[in-house]
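# Observations on chain architecture
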Amino acid sequence: MKGWTLFPHLVVRTTGFPFDWLERLGCPESAEWARRLESERRGLVALREQGPRVRRPSRELLSALKAGRPVDTEGMESPERFADWNTRAAAAQEAEAGLAAALERELPAVESQLATLCREPRFLEAVASSSPPVAKDLLAGRGGSRVRRQVASYLQRLCAKNETMGFFGPINYGQVDPEAPTGVSLKWSGPETLVGRNTFAASWWVQGVARAIAFDPDIASWLVPRKKAFAEMPARKTGAMPVSAEDLLPRLVELADGTRTLAALASSLGVAPGLAREALRLGCDKALLTHQLEVPTAVHHPVDDLAERVAALPGAGARRHVEGLSSVLALMARYGAADASGKMALQDACARRVKELWGVVPPTERGPASESHNFYQDRLALREECGGDLRIEVSGERARELETRLVPALAWMAEAGWRTREAARAAVAQRVGSRTVPFWKVAATTADVPVPLDASVAELLAKAIPDAGAASVELGSVERPAWDASRTLPLITSVDLLVGARDVEAWGRGEYTLVMGDIHDTALVWGWALQFHPSRAKVESAMVRAMGVLPRAVPLVTVLPSRRTGLLPSEFPGPVVELGGVSSRAAAWRIPLDDLFVESDGRSARLVSKRLGSEVCLYNGELDSAVHTAFSLPRIRSLRVSMGDHTPRLTLGGVVVQREQWRLDASARDALLACKDDRARLRVAVNLWDARGLPTCVFAKFKGERKPVLVDVRSPPLLRVFLNLLEQKEDVLLSEMLPGPEQLWLRGPQGRHTVELRCTLMWGGPSMSPRLEPLPSPEEEA
């Protein structure tokens, strides 16, 4: 079996705003004075502890020593004893005065920059796209500490974190060509140039509207029900005529073959249309049935799709709903070109329209029980995705390095993935016992079982770190556990790669640092991510073939959940289980959910399909549950190595797999939170950074928060954001910003941008594709 291979097409993610904007919020002179002040104060503490004892010290002397002031030595016996103290105390006073004066100069400039950025149209539009309440405050000219902190929080996100959302996180593309001459070529007009803007409806109202239309009495009779996730019918009562939807449901499931309308089925069953409609509604709620108006999970433009499906139906009711959907689509069509105020108005208009026409309201209006805590949950009625014109080609040796340098790290991650999978199968088997149980029951009964993440691989690497105080450690020489040759399943992962280089030319010459960012367990150069690609169909076809040549002894199955977030589930080649959603393929290879069983001997378990007469394996989809981990392809996860308060930067084979990290203890946290103003915060933070060897810029990851926040120790506004979160959360992990500000090679008209290459790698297939055609320029695309 082949080793790891890199799919030759890349999704390139960048920020829509330059990192330089964040640096405008810094007070570098003040930070330097704070550093000098803390250095002198540490020196005074040492002198106080080590200095000679004074017999019968005066009250004035004790006061000066306690306060860190120079000592008045006039008339004192042996005044030379206090020469060093007075030198340092005077320097501390000078530094304290310098800090106060520098802050007085720099802080108003920072606040002025914040105010200027708050009026910047693109920044306002970005905030309006994410948080209309904050945008309303800014447009109304409201200030205050809360608003300024929120502005700083949005700036660090927009200028330092690569998103895939809106114009502030445009989707760009690249490719790797190992056969071309070595180098890196780049075409980019800057973040303000977009090749496309797509507006999408929130999943909560698409599903709600589809349901409201489907069960409208004027529409329901034309629904064509078919069985969905279950093949076996629920037990039905015999004898008397059904008097409730619950009574009728088994008979409806029995007859729902996808060829007859609900009206025809009601006639065959001899029941009233209203009862048949309620039975079908109940069957859809239980995932037993579906119909032709249910929008497929992976459809990218669900409102257009729904309008097309409704347009196929006869009657005045269908015409009315098509007109309603058309009016919503007209609102959506205006969203991309709208400014901040326009976007908020369109959000409100769209939400109001779907409520008026179909009675659908956002989850936040349905009460606490309906609120979701999913980070990707659609909160607003509309969201936007945009395509940028950045095109990057990595060729020759630079292309080969992207693959070869990742192999050692991926080998360790694969080992951990296999061990985690086996542990999950054992955990599920222990819960199930020695028997065969329907898969859906196992999923329900093991929902509380945590994923038994393998720690042995991380512990092995941790033991190989010779010095926890070192800044960086190379672990490439550590011997990996022997690979089990019986492991025959393919592996699929997507890695967000970050390149640190002085400029793109330096990268092309090989003068760069390669950093592994987030690790994903599925192919992400696919589907929605390719919506702006000039050769989308070719790339998707190439991905299908790349996955198709991966050897496997059992079928790989896609489980389609319901669409609840802005991220579309992927529907990969092979059988599909329509769990919550339905397939987008015209002739999908469907497997009923109740055809899947878990066979367990109490020690290990496997997933089998009775109809296929075979074990099956699930594709991954970043579903972090014990049962999915047990029966899917081994999931590739980031290595999590911890040495306690400080863990060095870890590299494997020339790639950084984990940035240098620090944990704040309670004393550091308390010292920071005790600060009451910017001056104190800056002084204490700079002292803490220096004492622990932190770089100027770090990312802070708080427990319970999905996204880390950037902290620049020189920036009072960013320190406020950090300390506000620190006050709410006790546990925080700090990691170095890598690539650092000096390694941001992507430069636009207004400064440097962070950027990452999202690439898909597979284990078990052939090597990279042969010579590729160059990506067309934006002019050629047009």
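In what follows, the structure referred to is the one given above.
A few points on the structure. (Residues numbered from 1 in each chain as written. Predicted model: local features only at pLDDT ≥ 70, side-chain atom pairs only at ≥ 80, totals over all residues. Heavy atoms only, no water.)

### A closer look at the pattern of salt bridges
How we decide: A carboxyl oxygen of Asp or Glu within 4 Å of a side-chain nitrogen of Lys or Arg is what we treat as a salt bridge. To qualify as a helix, a DSSP run of H or I must reach at least 4 residues; to qualify as a strand, a run of E must reach at least 2; elements of each kind are numbered from the N terminus. Throughout, exposure labels follow a simple rule: accessible area from a 1.4 Å probe, protein chains only, divided by the maximum for the residue type, with under 20% read as buried, over 50% as exposed, and the rest as partly exposed.
Evaluation of the coordinates by the stated rule reveals 53 salt bridges. Between Glu38 and Arg683 there is a salt bridge, with its nearest N and O atoms 2.9 Å apart. Taken together, the positions of Glu38 in helix H2 (residues 28–50) and Arg683 in helix H24 (residues 678–692) put the pair 645 residues apart, joining distant regions of the chain. With its nearest N and O atoms 2.8 Å apart, the salt bridge here joins Arg88 to Glu40. Of this pair, Arg88 sits in helix H4 (residues 83–118) while Glu40 sits in helix H2, placing them 48 residues apart in sequence. The class for Arg88 is partly exposed, based on a relative accessible area of 31%. Its relative accessible area of 18% is what places Glu40 among the buried residues.

### Examining unusual backbone geometry
In this chain, Leu738 is followed by Pro739 through a cis amide linkage whose omega measures 0°. Looking at where Pro739 falls in the secondary structure, it is placed in the loop between strand E25 (732–736) and strand E26 (746–748). One non-glycine residue, Ala287, adopts positive backbone phi at about 60°. Classification of Ala287 as buried rests on a relative accessible area of 15%.

### A look at the sheet that holds strand E14 (residues 576–578)
In plain terms, the rule: For two strands to be treated as a pair, DSSP must find no fewer than two bridges joining them.
Across the sheet, three strands lie side by side as E14-E13-E18; this open sheet has parallel pairing. Where the open sheet ends on each side, the last strands, each with one partner, are E14 and strand E18 (617–618). Strand direction decides the pairing type here: strand E13 (residues 556–560) and E14, joined by three bridges, are parallel. Bridge assignment links Thr558 to a residue of E14, and that residue is Val576.

### Description of helix H5 (residues 121–130)
Cut-off, in case you're wondering: The contact definition used throughout considers only heavy atoms, calling two residues in contact when any of these lie within 4.5 Å. The term polar contact refers here to a pair of N or O atoms within 3.5 Å; inside protein, the definition further demands a hydrogen-donor-capable atom paired with an acceptor-capable atom, and it admits residues adjacent in sequence only when both atoms are side-chain atoms.
Of all 10 residues in H5, nine are buried, a share of seventy percent or more. Among the residues of H5, those classed as buried are Arg122, Phe123, Leu124, Glu125, Ala126, Val127, Ala128, Ser129 and Ser130. Among the structural elements, H4, helix H6 (132–139), helix H7 (144–160), strand E3 (166–177), strand E5 (194–201) and helix H15 (340–358) are those in contact with the buried residues of H5. The N-cap of H5, judged by a side-chain oxygen 2.8 Å from the amide nitrogen of Arg122 a few residues on, is Glu120.

### Focus on the pairing of strand E20 (residues 649–652)
Where strand E10 (residues 472–474) lies against E20, three bridges are found, and the strand directions are parallel. Each bridged residue has a counterpart across the sheet, and for Ser472 the counterpart in E20 is Arg649. Note that E20 and strand E21 (residues 655–658) share three bridges and pair antiparallel. When the bridges of E21 are listed, Thr651 appears paired with Val656. The antiparallel pairing of E20 with E21 creates a hairpin that spans two residues between the two strands, and Gly653 there sits at a positive phi of about 60°.

### Some points on the packing of aromatic side chains
Threshold: For this analysis, a ring pair means two rings from Phe, Tyr or Trp (six-membered ring only for Trp) whose centres lie within 6.5 Å, classed as stacked if their planes differ by under 30 degrees, edge-to-face if by over 60, and tilted for the remaining angles. Placement of a positive charge over a ring is assigned whenever Lys NZ or Arg CZ falls within 6 Å of the ring centre and within 35 degrees of the normal to the ring plane.
In total, this model carries 11 aromatic pairs according to the counting rule given. With 5.3 Å between their ring centres and 50° between their planes, Trp526 and Phe572 make a pair best called tilted. Note that Trp526 is positioned in the loop between strand E12 (513–520) and helix H21 (536–548) and Phe572 in the loop between E13 and E14, a separation of 46 residues in sequence. Ring geometry for Phe572 versus Tyr619: centroids 5.0 Å apart, planes at 45°, classification tilted. With a gap of 47 residues between them, Phe572 in the loop between E13 and E14 and Tyr619 in the loop between E18 and helix H22 (626–631) connect regions that are remote in the sequence. Of the two residues, Phe572 and Tyr619, neither departs from the other in class, the shared state being buried. Ring pairs connect the aromatic residues Phe17, Trp21, Phe167 and Phe168, which therefore count as one cluster. Here the guanidinium or amino end of Lys610 rests over the ring plane of Phe597, the centre of that ring lying 4.0 Å away.

### Let's talk about the sheet that holds E25
Overall, antiparallel pairing links the five strands, which are arranged E19-E22-E25-E23-E24 in an open sheet. Edge strands, defined here as strands with exactly one partner in the open sheet, are strand E19 (646–647) and strand E24 (709–712). Examined bridge by bridge, strand E23 (residues 697–702) and E25 share five bridges and lie antiparallel to one another. Its bridge partner lying in E25, Phe699 is registered against Ser735.

### So, the packing of helix H8 (residues 203–214) against helix H14 (residues 316–333)
Formally: Lines fitted to C-alpha atoms define the axes, with helix axes restricted to the stretch in contact, and inter-axis angles between N-to-C directions lie between 0 and 180 degrees. Geometric relationships in this document are graded by angle, where less than 35 degrees denotes roughly parallel, more than 145 denotes roughly antiparallel, 65 to 115 denotes roughly perpendicular, and other angles denote oblique. Working rule for handedness: look at the near helix, and if it is turned counterclockwise from the far one by less than a right angle, call the crossing left-handed; if clockwise, right-handed. Amino acids are sorted into nonpolar (Ala, Val, Leu, Ile, Met, Phe, Trp, Tyr, Cys and Pro), charged (Asp, Glu, Lys and Arg) and polar (every other residue, Gly among them).
Relative orientation of the contacting elements H8 and H14 amounts to 165°, with a least axis distance of 12 Å. As judged from the angle between their axes, H8 and H14 are roughly antiparallel. Crossing angle aside, the handedness with which H8 passes H14 is right-handed. Touching Trp205, Val209 and Ile213 of H8 are His321, Leu325, Val328 and Met332, all from H14. Here the residues of the contact of H8 with H14 are counted per class, giving six nonpolar, one polar and no charged.

### Quick word on the environment of Gln743
Tracing the sequence through the fold places Gln743 in the loop between E25 and E26. Of the residues examined, Gln743 reaches a relative accessible area of 16% and is grouped as buried. In this view, Gln743 contacts Val499, Gly500, Ala501, Thr513 and Leu738; residues no more than four positions away in its chain are not counted.

### Considering the nonpolar core
Here is a general trend for soluble globular proteins: nonpolar side chains tend to be buried in one another's company. Put simply, the test is: Each nonpolar core is a collection of buried residues, namely Ala, Val, Leu, Ile, Met, Phe, Trp, Tyr and Cys, held together in the definition by side-chain atoms within 4.5 Å.
Among the nonpolar cores identified, the biggest contains 82 residues, and Leu155, Trp689, Phe722 and Leu734 are the most heavily contacted of them. It is H4 that contributes the most residues to this core, 12 residues altogether. If near-sequence neighbours (up to four positions away) are discounted, Phe722 is found in contact with Leu664, Leu672, Trp689, Ala700, Phe702, Val711, Val732 and Leu734.

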